Amino acid sequence: MNTNPLTLEAHNISKSFGNIQAIRDISLTLARGEMLGILGDNGAGKSTLMKILTGYHQQTSGELLVNGTKVMLSSVDHARSFGIECVYQDLAMINTLSVYHNMFLNREILRRGPLPLLDHRAMRKKAEAALEDIGVNIPSVDVEVGALSGGQRQAVAIARAVASQAKILLLDEPLAAMGAREAALIIALIERLKARGDVSMIMIAHNYAQTLDVADRVMMIQRGTCTFEGRSAETSAAELFDIVRREYQANRVQG
Amino acid sequence: MTSRSAAQPGLASTKSHWHHLLLRFIVRAPEASIAVVGIILLVAFEVLSPNFLTNANLSTVSQFFSPWAIIACGEIMLLICGEVDLSVGQVFAFAPFVMHFTAAAGLPLFAGVIVALLVSGLLGLAIGFITVFFGVASFITTLGAMLLINGLTLTLSGGFPIDTPSTPLAAILGGWNYSEVFWAAFIALVLHLVLRNTRWGLHTIAVGGNPTGAAEAGIHTARIKMGNFVLCSVLGGFAGILNAFHVTSIDPNAGGANVMFLAIASAVIGGTSLLGGSGTILGGFIGAAVLGILQDGFTLLGINAFTFDIITGAAILITMITNVQFAKLRLRNRI
Ligand SMILES: Nc1ncnc2c1ncn2[C@@H]1O[C@H](COP(=O)(O)OP(=O)(O)O)[C@@H](O)[C@H]1O
Ligand SMILES: [Mg+2]
């Protein structure tokens, strides 16, 4: 087995889309079983960083290490082969498909036999078991995802990532556009996952207090660069607000 | 939740419970409503016209709608993944000429059929490639392809119809009265299975339902779209070949926008959404049959073609509206 305590490392990652530089020289580490919270304004580059870690985008420069080995993640499938799973901000859910189809999207179970036919029964059963396993309640796995509430959809998306043996789970704004009650359910779900200890997580969020509460460490991304990094226990929300305000004022003076 | 609240005691609510179940069946099984329409039309025309349910007329009806039923299968796959092919009616006319000239060059006719289908597939691939990689809306790409392929057909044929080559295969390939409808039913069944029970079908729905989401899940959306363009084009070419053997002549003006339009109309009245992400092959097949029955029944009753167009147009508008309403109901989880 691998003895490296760090499951994921990023060194000086930059990414440009044409002449827009979305992120610049971002480095991060993630230890096994750890949870890292990422904070930052809209358009700061958080999702872009996530999408590089999942192989959806490729970095323009910088390197990634998974379990201490340097890798160039060339596709989503490639990242998945290292146990990296992401719950995207838009959830990557297909509203017109049922919950169980969504949970097995692009990982479908096929029937035995000469023809490559879908095994709906097996997928339905496994989807039910996976949802129950992490305590997610929905009316039925046959319901179309479009008919679920925002929180239910988020929970299904997380269950999907967990059920696919995620070792590194990336959550992009799992609490966005959600009422307080639903947010509390999702936080409880994330805490249950963390307690199991077999999955390392990176979560993007906007609420400083919530993030400091669930994450072991937090980092702040502003205008594509990392402006703060520290342990949650040694960081206060006031401190984070201060960083944001200072950066904002500095840019006002420049601009 | 809804089923629980509907299952209250009392006579009145039992009745509304049944209404609810019926409504749910119709919304959930989009094929059901068009099938009901089809049966009503069958009964109506049988009552109004003594010649309707005769062997001769049934074979006429089946030959009538089979071309657009076959093409509808391809259009449905494309519509579900968020695209459309307006040029398939031109491939319908082009493919039989490719078959004829391949055979005339000395190859066996069977090889001509294969070459014609391959060429149809290549046309679909080119259309798909331009659509996907240059980001042109398929409405535009295939509008251009429509003219281009028609030009190819006219150039190849010199603008004149020719006789379909004779072959022992002719009976299977559309010569026998019921062979076209057998092919149409076979293709519809296979594609229904593909849509509901294979990864290809599921990914086709996913790509149309949420293109970004599908890509983030690792689905190769370009491959799915291009594959369905190829499929639709091959089906268009195949329907054209069957038609050539059935009418025993190859006509540069066969098919065209008319057969394409009827195919898309069949898809839509059968329950396929023009917005992508949902649809049904069996519904489209029944939709194609309904349009055939309507057209034939009106002819028997002596009602003219203009009236037929008015009714088809109105039927499409009405189904579009109900489809949109049903989709809203389903999303709100009301049914
Ligand atoms: N695919 C893309 N093409 C071009 N620009 C992009 C793309 N994705 C993100 N960007 C740009 O990169 C910047 C960072 O975006 P994003 O990572 O989504 O921010 P965040 O998730 O922090 O809100 C934005 O300016 C955005 O417009
Ligand atoms: Mg984002």
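First, a word on what this report is: a plain description of the structure on this page. (Residues numbered from 1 in each chain as written. Chains lettered and ligands numbered in written order. Predicted model: local features only at pLDDT ≥ 70, side-chain atom pairs only at ≥ 80, totals over all residues. Heavy atoms only, no water.)

1. Topic: unusual backbone geometry
Excluding glycine, a negative phi dihedral is what most residues carry, and trans is how most peptide bonds are arranged.
All names here are of chain A.
Turning to step 1, where the next piece is worked out: A positive phi is found at Q165, a non-glycine position, where the angle reads about 60°.
Turning to step 2, where the next piece is worked out: Residue classification places Q165 among the exposed residues on the basis of a relative accessible area of 56%.
Turning to step 3, where the next piece is worked out: Although it is not a glycine, R223 sits at a positive phi angle of roughly 45°.
Turning to step 4, where the next piece is worked out: With respect to the element layout, R223 can be found in the loop between β9 (217-222) and β10 (225-231). (Buried < 20%, exposed > 50% of the residue type's maximum accessible area, 1.4 Å probe, protein only. Helix = DSSP H or I, 4+ residues; strand = E, 2+ residues; numbered from the N terminus.)

2. Focus on the sheet that holds strand β2 (residues 20-31) of chain A
All names here are of chain A.
Turning to step 1, where the next piece is worked out: Reading across from one edge, β2-β1-β4-β5 is the order of the 4 strands in this open sheet, with antiparallel pairing throughout. Each edge of the sheet is formed by a strand with only one pairing partner; in this case those strands are β2 and β5 (69-71). This sheet shows a mean twist of 25° between the axes of neighbouring strands, independent of strand direction. (Pairing = 2+ DSSP bridges. Axes fitted to C-alpha atoms, helices over the stretch in contact; angles between N-to-C directions.)

3. Digging into the nonpolar core
Turning to step 1, where the next piece is worked out: If you look at the biggest cluster of nonpolar residues, it comprises 141 residues, and the most contacted ones within it are V99, M103, L131 and L169 of chain A together with F65 of chain B.
Turning to step 2, where the next piece is worked out: With 13 residues, helix α4 (residues 55-80) of chain B is the single largest residue contributor to this core.
Turning to step 3, where the next piece is worked out: Discounting chain neighbours no more than four positions away, the residues touching F65 of chain B are V181, F285, A288, A289 and G292 of chain B.
Turning to step 4, where the next piece is worked out: Core analysis: the second largest hydrophobic core is formed by 30 residues, I38, L64, C86 and M219 of chain A among them. (Core = buried A, V, L, I, M, F, W, Y, C linked by side-chain atoms within 4.5 Å. Contact = heavy atoms within 4.5 Å.)

4. Re the interface of chain A and chain B
Turning to step 1, where the next piece is worked out: At the interface, 26 residues of chain A touch 24 residues of chain B.
Turning to step 2, where the next piece is worked out: Interface area for chain A against chain B, summed over the two sides, is near 2,100 Å², with a carbon-plus-sulfur share of 58%.
Turning to step 3, where the next piece is worked out: The interface formed by chain A and chain B includes 2 salt bridges.
Turning to step 4, where the next piece is worked out: In this structure, E108 of chain A and R199 of chain B form a salt bridge, with 2.8 Å as the shortest nitrogen-oxygen distance.
Turning to step 5, where the next piece is worked out: At the boundary of chain A and chain B, one finds 12 residue pairs in polar contact (both at pLDDT 80 or more).
Turning to step 6, where the next piece is worked out: Here the element with the most residues in the side of chain A that touches chain B is helix α2 (residues 76-80) of chain A; it accounts for 3 residues.
Turning to step 7, where the next piece is worked out: Here the residues of the side of chain A that touches chain B are counted per class, giving 13 nonpolar, 5 polar and 8 charged. (Buried area = accessible area lost by both parts, 1.4 Å probe. Salt bridge = Lys/Arg side-chain N within 4 Å of Asp/Glu carboxyl O. Polar contact = N/O pair within 3.5 Å; in protein donor to acceptor, adjacent residues only side chain to side chain. Nonpolar A, V, L, I, M, F, W, Y, C, P; charged D, E, K, R; others polar.)

5. Quick look at a nonpolar patch on the surface
Residue and element names in this part refer to chain B.
Turning to step 1, where the next piece is worked out: Taken together, the side chains of I39, L42, V43, V47, L48, L53, L58, L300, L301 and I303 make up a nonpolar region of the molecular surface, amounting to roughly 840 Å² of accessible area.
Turning to step 2, where the next piece is worked out: Per element, the largest residue contribution to the nonpolar patch is 5 residues, and it comes from helix α3 (residues 30-48).
Turning to step 3, where the next piece is worked out: Along the polypeptide, V47 turns up in helix α3. (Patch = residues over 30% accessible without salt bridge, like charges linked within 9 Å, V, L, I, M, F, W, Y side chains within 5 Å. Areas by Shrake-Rupley, 256 points an atom, 1.4 Å probe, with all protein chains shown as cover.)

6. Remarks on the side chain of S120 of chain B
All names here are of chain B.
Turning to step 1, where the next piece is worked out: Relative to the elements of secondary structure, S120 occurs in helix α6 (residues 109-133).
Turning to step 2, where the next piece is worked out: A distance of 2.8 Å separates the side chain of S120 from the backbone oxygen of A116, its partner in a polar contact.
Turning to step 3, where the next piece is worked out: Setting aside residues up to four positions removed in sequence, S120 forms contacts with V91, A95, S233, V234 and G237.

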